[in-house]
Amino acid sequence: MADLPSGLLEACVVIGAPIDKLRDLHQNHQQTKLNDHSALEAEVLHVHAPPFVTKETNSSQAIGPAFSRVQRRKSFIKKKRRDRAPEPLLNGDTASRAEVSSATEDISVPKDLDLIALPQLCFPGGLQLATEQREDSYHFLVFTDLFGNRTHAVVVQYYRAVQSCHEGVVHNGHRWNSSKACLYAPFAVCVISKFPYYNALRDCLSCLLVQLRPARQTDFEETIKEFSAKLSLVPLPPPGQLHVSFSLRPLHVVLPSRDDQDSPVIDIDLHLPFLCFTHAALLQVLSCLLQEQRLVFFSSDWARLTLVAECVLLYLQPLSWQHPYVPVLARGMLDFLMAPTAFLMGCHINHFEEVAAETEDLILVNVDDGSIQSSWSESIDLPYIPLAAAECFMSRAEALQLHYDLELCHLGAGTDANTLRCQRRDWQRRLNTQIQNIALELVVNIFRGVQDFLNHEHRVFNSEEFLRTREPADQGFYKKVLDTHIFHSFLRDRLNRKQDTFSRMEQKTRNNAPRNRAMTESPRRPPMSELSRSGYNSYTNPSDRLSKRLGASLPNLEQSANDTVTGISCSRPASLRKMTPDIGLKFLQKTVKVFRLPEFPPPLAYHYVQNYYSDMVASLGKAISATPPEESALLARYHYLRGLVNTVSNKRLDALEDFQSLYKTDSDIFPSQMVKSLVDSMPESERLQADRRPELKRLISRVKRDQERERARHGNSHEEGAVKRFQLPKKYMPLEEFVKCVQESGIVKDQGTIHRLFDALTVGHQKQVGPDLFRVFYTIWKETEAEAQEVCLPASVLEHIEPSECVFKLSTSVKTSRGVGKIAMTQRRLFLLTDGRPGYVEVAQYRDLEEVKVSSAPFLLLRIPSLKLRVRGRKEAFEANLKTETDLWNLMVKEMWAGRNMADQHKDPQYMQQALTNALLMDAVVGSLQNSKAIYAASKLAHFDRIKMEVPMMVPKTTAETLKHKINPSLELAAPQPVDVLLYTPGQLWVSVSGGKVMVFDASSWSLTHTCHVGNARLNCMLGVDKDQVWMGSEDSVIYIISMVAMVCNRQLTEHRAEVTGLALDTDKYSQKVAYSCSVEGTVMVWDVSTLQVKRHFRLSCDRLLSVHSWSSTLWCSSRDSVMEVWRNGSLKHRLNLPEQQKGSTATFSSILLLPEREELWSACIDSGEVCIWHMKDHTKPFHRVTLQDCTGCYCMIKVKNQVWVGGVGRSSAKGKIYILDTERHQVMKELHGHCDKVTALCSAEDRYVLSGAGKHDGKIAIWKVE
């Protein structure tokens, strides 16, 4: 039997006092001899766990029709006394010895369910008899196993009258009742579930009590068993927008779904802690949890303990508590509080003084009055949550509307209980979402930027560097948190690039944090990690930045940067206190649908249960039919549910079909483990039937392949779980180890720069860097960085420089030709910070320098070394008596000058980034060597200055005029990655680099906004299908579909059996949008875009099919050796072969381009430097050839306006070239030189710009102006 998923019910357990003791106590009570009942202990009376009905097959295989795992079971109660006389039961009925024996002989429970401590937890205050009826009482439990898996329970205590053996007996048709005072005994019904459906299960138990109160004792167990069996029929909703509801008279119960696969179920009122604590106190509790203290919650209400504890842990999501968690401790379990490790536990308020006096180092949280203290004092001497994050949280929390009564002011009195409950649920769901967003923002603000100090290649976290960037007042907090298990787990997820709620909000709000900070603080030197991430985009010339005003469409590269600042300041809230609770944090809220289950059948009869499943399948079928194709996420969840139901009802093939539909529609919620188990359980006959269905066969093979990958990944689980802290080396390092150490330190990642640094540090001795030298170098680097961050420029200086400029290097106070002061080096200029009253004297912007040299100035009888600068437009040179610093400043200024010139000529701000890094490394090298060879060693890092001296840097005029900007997708990597595919959609640039990595850039600022991975193979093609879909064809034969709104890839088309090489879009004869895809072995598929179904497919005979294009009534398909025109049914119409002079050579078609308005087909070859132009109606030979000068091969072509742009590689220099051809005259108009490697990808941005991407030796994207 296939392993089934956990359902709503894991078990239902009845706890109470033993029957014989109750009978004795009742007799004593009748005789007024009632004494102390302290010896009365609770016991497990009944356990009800699925499966409740089974059907024996011919193979004697038990099939349990319930949404619960069929598990091995164990005995909980061993055989009891057999030879007992017939005894009066609780209601006075008698039972035979055999009946008593069978009832008490054994209680069977699921194998992994431990009930030993359950009686104590169901009666945490002890089992107390009463002489009058008491109110029902609910509380909640959480169990944690050795592996950290949690199970949840809801308990209701209710009182029943204890009757003597004569009471309740029918005599002469009348029931006889005693007139004496009754004794009431408490019973507890505990519903256990794998998921925290606290509100739903409480509703279920409330409905159960309605049935139990009038029930006779003889019906007591049967009523609970039927109740349990009904809950076992309830499927859990999949993650997403579909909830499940069912009716347990008199209430409708709703099971909310999780937001996504990694999110927890939230069926709880998240605002409860806000009602118990002040905002400051609540933050203090969260701070203690993050620092992994030993916390004990106290309350007079057992239910409140668990609910508040669950809420505060949910506030920390996606961080998870890693230590013991027992929110309810019975009075016999107080010794748990002596545990030496961190924990979170809950006790009754009556034990407060005892616990405070007997234990040490505890944080005592009184939930009832909202106070927090330690067991050793009334105050807590622990670091507080970082101030900025705390203030933001409190400001937002003050705006929360926590009182439902205010929501009801405009409503009338409701007459339908379920309608009122529905209104309350909707209000609570909205409030919960606001609180989740506020709490998540708090976590993001606390740990923002952690990933900037991670080295993914070596799995290292540079904690010292991270701490250095925190505010001094917050460092105590971070020092404690960085050593906790909860933070280590969080780091592991960041290193594994987990895309969770933290990642999404951090990415969404990342650009606003430094932006808002820059408006209130003077600019300080950012750490290298931040410079590396931003690519210096915010530190470059404003003319290189792009207008935010056109973010929805296309950048205007000529726009002034002032527009950007204006846009920011207008959107920034004037006061945090005037915010709505989660303004700026709201993600796209999808409409929630509720699927209502059919009415429950008699749950203990197999055929009724099967009919119930048939009704559920029919209802889901109707829901699927009524859902439009564009609501694919909802369709996926209906298929998920129907797949579950078919699995449980043993319809395996139907279940596989549903899971196949699910896999194509939303692979994120695909239950791969369940499907694998389902396939493994299939008998041979069903397996053969599945193999005869191509889609099911593909699903089975894909599931097995995914399982193999998962096993391989688990084989490397040690690597995935490892997180190292950066440590200084302890031995001599050759080049390879030095590269690794520098990358781990976070100083620089680029291997070429590290190689030059290695040469600099090893000048004059063996090619190894010793630990002492590296420690000195690292210390000087960090000290210089810290000193620069401490530079605080006065307002009179700030008004002369750009808002984003920072001082990276400051000289000692020196005499200059413009006065006495310190020379400051920013990323744009040199200026003099005059002594005395600080003033600003402009020295030079790097682009205006004409000469930089070392000179000497007379001083008495001496000549003092000085730095002399000649600046364009100034007659007099600037001279500074830098003395011993002269040679170093000479090297640094020359490098910045050369870098500025290259950045301007190549329109590539990264050159400036590299030059600045080189200059700062020179400074650290000179400081660490302190010998006569220090300047010579530092000169090894003068990379751009050397290039300037060795080769001319002039960019051809045509290229300089056409090139507008460059961006580097490989900025944070150690080496460039090839650009495989480019796609422009309104406001966004999609870039595919190696290994299925897709990067999305904002087209107004060219800043990276999203990164995702689709599979592990190279992508060959991308296509924007509609406003919300981008299709991506991969080498692994899958077409991945990314939602442009949610930026997630949760749909896959798996019908191709080989590498997908081409995609195209068209409309059919019914004006329906269709997509075409082709794979390398010759298959072409036609897709219905709305349903993602294959409408038809055919196969062409060719050598490696490369692309497909649609025109009129035919398709044009390009392979390596031919271009085929085929009818839409797949029959070949014409075939174009390689031109005669290219046959027999290594040349193959690389790209074709259709110009329907001219009835022309343009083709290019990989190893040929010419473009062939064919008549679309005459395929015998090309009627025109255009020879591309100094070109050895072409890789891509696009049409823009009346031009054709061809990307290729040069013959003489092996560098990338772009040729612009006139479509009318068939002549080369321009030849552009913008890449150091072949041009592999081209795309057009609304015919105003062309973007080009290059191979692995370049890895950059150039943006060209179209004329």
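Residues numbered from 1 in each chain as written. Predicted model: local features only at pLDDT ≥ 70, side-chain atom pairs only at ≥ 80, totals over all residues. Heavy atoms only, no water.

### Focus on the overall build of the protein chain
Move 1: Scanning the protein chain from N- to C-terminus turns up 35 helices and 57 strands.
Move 2: Per-residue burial for the protein chain yields a buried fraction of 56% across its 1267 residues.
Move 3: Within the protein chain, counting contacts between residues at least 6 apart in sequence, those at least 24 apart form 60% of the total.
Move 4: With an accessible surface of roughly 55,000 Å², the protein chain has 49% of that area assigned to carbon and sulfur atoms. (Helix = DSSP H or I, 4+ residues; strand = E, 2+ residues; numbered from the N terminus. Buried < 20%, exposed > 50% of the residue type's maximum accessible area, 1.4 Å probe, protein only. Contact = heavy atoms within 4.5 Å. Areas by Shrake-Rupley, 256 points an atom, 1.4 Å probe, with all protein chains shown as cover.)

### Some remarks on the packing of aromatic side chains
Move 1: Under the counting rule described, the total for this entry stands at 28 aromatic pairs.
Move 2: Geometrically, the ring pair formed by Phe453 and Phe466 is edge-to-face, given 5.7 Å between the ring centres and 75 degrees between the ring planes. Of this pair, Phe453 sits in the loop between α12 (417–447) and β19 (454–455) while Phe466 sits in helix α13 (residues 463–468); the two residues are 13 residues apart in sequence, bridging distant segments of the chain. As far as the burial class goes, Phe453 and Phe466 line up, both buried.
Move 3: Through successive ring pairs, a cluster of aromatic residues spans Phe447, Phe453, Phe461, Phe466, Phe477, Tyr478, Phe487, Phe490 and Phe502.
Move 4: Positioned above the aromatic ring of Tyr478, the side-chain terminus of Arg470 is 5.7 Å from the ring centre.
Move 5: The aromatic ring of Tyr911 is capped on one face by Lys1260, whose charged end is 4.5 Å from the ring centroid. (Phe/Tyr/Trp six-rings, centres within 6.5 Å; stacked < 30°, edge-to-face > 60°. Lys NZ or Arg CZ within 6 Å of the ring centre and 35° of its normal.)

### Remarks on the confidence of the model for the protein chain
Move 1: Chain-level statistics for the protein chain give a pLDDT mean of 81 and a share of 84% at 70 or above.
Move 2: Ranking the helices and strands of the protein chain by mean pLDDT puts helix α8 (residues 302–315) first, with 95, and helix α19 (residues 562–571) last, with 32.
Move 3: In the predicted structure, residues 165–179 sits below a pLDDT of 50 and forms 18 contacts with residues beyond four places in sequence or in another chain.
Move 4: Low confidence marks residues 514–522, where pLDDT is under 50. Its contacts with residues over four positions away, or in another chain, come to twelve contacts. (pLDDT = per-residue confidence, 0-100.)

### Things to note about the nonpolar core
Move 1: Counting 196 residues, the largest nonpolar core has Phe246, Leu289, Phe297, Tyr315 and Phe447 as its most contacted members.
Move 2: Residues Ile747, Phe777, Val814 and Met825 belong to the second largest nonpolar core, which totals 69 residues. (Core = buried A, V, L, I, M, F, W, Y, C linked by side-chain atoms within 4.5 Å.)

### Section: unusual backbone geometry
Glycine aside, the phi torsion of most residues is negative, and most peptide linkages are trans.
Move 1: Pro50 connects to Pro51 through a cis peptide bond whose omega is 0 degrees.
Move 2: A cis amide bond links Gln317 to the next residue, Pro318, at an omega of 10 degrees.
Move 3: In this structure, Pro318 sits in the loop between α8 and β15 (325–326).
Move 4: The backbone of Lys883 sits at a positive phi, close to 55 degrees, despite the residue not being glycine.
Move 5: If you check the backbone angles, Trp1006 has positive phi at about 55 degrees while not being a glycine.
Move 6: Position of Trp1006 relative to the elements: it lies in the loop between β33 (997–1002) and β34 (1008–1013).
Move 7: Overall, Trp1006 belongs to the buried group, its relative accessible area being 3%.

### Some words on the side chain of Gln988
Move 1: Considering the arrangement of structural elements, one finds Gln988 in strand β32 (residues 988–993).
Move 2: Apart from residues lying up to four places away in sequence, Gln988 is in contact with Leu983, Val1000, Phe1001, Ala1003, Met1044 and Met1047.

### A look at the pattern of salt bridges
Move 1: All chains considered together, the criterion is met by 44 salt bridges.
Move 2: The salt bridge partner of Arg249 is Glu599, with a shortest N-O separation of 3.5 Å. Remark: Glu599 occurs in the loop between β21 (593–596) and α20 (606–626) and Arg249 occurs in the loop between β12 (242–248) and β13 (251–255); sequence separation between them is 350 residues.
Move 3: You can call Arg249 exposed: its relative accessible area is 61%. (Salt bridge = Lys/Arg side-chain N within 4 Å of Asp/Glu carboxyl O.)

### Let's talk about the sheet that holds strand β44 (residues 1114–1119)
Move 1: Taken together, the four strands give an open sheet; going across it, the order is β43-β44-β45-β46, and neighbouring strands pair in antiparallel fashion. The sheet is open, and its two edges are formed by β43 (1105–1111) and β46 (1132–1137), each paired on a single side. On average, adjacent strands in this sheet sit at an angle of 20 degrees to one another, irrespective of strand direction.
Move 2: Taken together, the five bridges between β44 and strand β45 (residues 1122–1127) define a ladder with antiparallel strand orientation. When the bridges of β45 are listed, Cys1117 appears paired with Met1124. (Pairing = 2+ DSSP bridges. Axes fitted to C-alpha atoms, helices over the stretch in contact; angles between N-to-C directions.)

### A look at the sheet that holds strand β52 (residues 1203–1210)
Move 1: Pairing in this open sheet of four strands is antiparallel, and the strands run β51-β52-β53-β54 from one edge to the other. Every interior strand has two partners, whereas the edge strands, β51 (1191–1200) and β54 (1227–1235), have only one. In this sheet, adjacent strand axes meet at a mean angle of 25 degrees when their direction is disregarded.
Move 2: As defined by bridge partners, β51 adjoins β52 across eight bridges and the pair is classed as antiparallel. Looking at β52, one finds that Ile1198 is bridged to Trp1205.

### Regarding the state of the cysteines
Move 1: Taken as a whole and judged by the stated rule, the model has zero disulfides.
Move 2: Just so you know, Cys1194 is unpaired, no disulfide at all, and the nearest cysteine sulfur is the one on Cys1191, 4.0 Å from it. (Disulfide = S-S within 2.5 Å.)

### Details of the environment of Thr1187
Move 1: Turning to its location among the elements, Thr1187 is positioned in strand β50 (residues 1184–1187).
Move 2: Contacts of Thr1187, omitting those with residues within four sequence positions, involve Gly1169, Glu1170 and Val1228.

### Quick notes on the packing of α12 against helix α16 (residues 501–510)
Move 1: Closest axis-to-axis distance for the α12/α16 pair is 10 Å, and the angle between their directions is 75 degrees. By the angle between their directions, the pair α12 and α16 is classed as roughly perpendicular. Here α12 contributes Asn437, Leu440, Glu441, Val443, Val444 and Phe447 to the contact with α16, which in turn contributes Thr501, Phe502, Met505, Glu506 and Thr509.
Move 2: Along the lines of polarity and charge, the residues of the contact of α12 with α16 split into six nonpolar, three polar and two charged. (Parallel < 35°, antiparallel > 145°, perpendicular 65-115°, else oblique. Nonpolar A, V, L, I, M, F, W, Y, C, P; charged D, E, K, R; others polar.)

### Regarding the packing of helix α7 (residues 279–290) against helix α10 (residues 387–397)
Move 1: The geometry of α7 relative to α10 is characterised by a closest axis approach of 10 Å and an angle of 135 degrees between their N-to-C directions. Accordingly, the angle class assigned to the pair α7 and α10 is oblique. Note that α7 runs across α10; the crossing there is right-handed. Residues His279, Ala280, Leu282 and Leu283 of α7 pack against Ala390, Phe393, Met394 and Ala397 of α10. (Left-handed = near helix turned anticlockwise from the far one by under 90°.)

### Quick notes on the environment of Ser371
Move 1: Note that Ser371 resides in strand β18 (residues 371–374).
Move 2: Each C-alpha atom of the pair Ser371 and Thr278 lies 9.0 Å from the other, and the pair is 93 residues apart in sequence.
Move 3: Side-chain polar atoms of Ser371 contact the side chain of Asp369, separated by 2.7 Å. (Polar contact = N/O pair within 3.5 Å; in protein donor to acceptor, adjacent residues only side chain to side chain.)

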